[in-house]
Amino acid sequence: IDAILHALILLFHEPAPWAVHVGAIGAQADRGYAYVRDMIQHEKIAPLVRGESLRSRTNFKRGSHIEVLTGTVRQMSGPHPQRQSADEVEWWDWMSLKQFNNMASGKRDKAGRRQLPQVWYTSTRQRPAGIVQRLIEAAVPGPFSLPVLRPSWLAVQASSAPGPSGCHSGSRPGSRRRRR
């Protein structure tokens, strides 16, 4: 839900971007669209929507729009949004994630200002050698990146396998998880 909320919030900023949210499977994409649909029915947001809201595309009067897709290579082969978010990437197949990473595209608005693409990944680290771990290891701080990945939080949310810093989540059969 946080990825959907983030994408919707961005839709009301200048310049108006195109946002895409991708769920790992069809059921997650359906839930993501249900959140979008519920949010745009709010009395403060409903007047900002242009036309009918569809899972494939919801348009806003300022020129921005959001799409909700399923995490398959075919679904992600066409769009090139400025803002994109991926839900539960731990369960994606590697080819789908590579296709997702090829989607983001910057653009210039009518005033000539450059819009840099933004890519969000949301997931829990379920496996010590899974996709989330690979993303953590590949993350390189740069001038346009924010420290979104929190390895200690991911380790707490994961199984009892050691986290990136060698710490355990404290979750063993018969024990209670500690929340930070």
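Residues numbered from 1 in each chain as written. Predicted model: local features only at pLDDT ≥ 70, side-chain atom pairs only at ≥ 80, totals over all residues. Heavy atoms only, no water.

A.B. asks: Just give me the short version of the overall build of the chain, but keep the residues and values in it.
C.D. replies: Along its length, the chain carries five helices and eight strands. For the chain, the N- to C-terminal ordering of α and β elements is α-β-α-β-β-β-β-α-β-β-β-α-α. When the 180 residues of the chain are sorted by exposure, 40% land in the buried category. Partitioning the intrachain contacts of the chain with sequence separation of at least 6 by distance along the chain shows that 60% fall at a separation of at least 24. (Helix = DSSP H or I, 4+ residues; strand = E, 2+ residues; numbered from the N terminus. Buried < 20%, exposed > 50% of the residue type's maximum accessible area, 1.4 Å probe, protein only. Contact = heavy atoms within 4.5 Å.)

A.B. asks: Which residues make up helix α2 (residues 26–40), and what are the values?
C.D. replies: End to end, α2 covers 21 Å across 15 residues, agreeing with the expected 21 Å (1.5 Å per residue, within 8%). Among all positions of α2, only Gln28, Ala29, Gly32, Tyr33, Val36 and Ile40 are buried. The buried residues of α2 all sit within an arc of 135 degrees when viewed along its axis, so they share a single face. (Expected span 1.5 Å × (residues − 1). Arc of directions from axis to C-beta.)

A.B. asks: Go over the packing of aromatic side chains with me, naming the residues and quoting the values.
C.D. replies: Scanning all chains against the criterion turns up two aromatic pairs. Measuring from ring centre to ring centre gives 5.5 Å for Trp92 and Phe100, while their planes differ by 85 degrees; the resulting arrangement is edge-to-face. The exposure class assigned to Trp92 is buried, which follows from its relative accessible area of 5%. For Phe100, a relative accessible area of 0% gives the class buried. Three or more aromatic residues joined by ring pairs form one cluster here, namely Trp92, Phe100 and Tyr121. Against the face of Trp94 rests Arg134, its NZ or CZ located 3.6 Å from the ring centre. (Phe/Tyr/Trp six-rings, centres within 6.5 Å; stacked < 30°, edge-to-face > 60°. Lys NZ or Arg CZ within 6 Å of the ring centre and 35° of its normal.)

The quantities given are spatial measurements derived from coordinates; they are silent on function.
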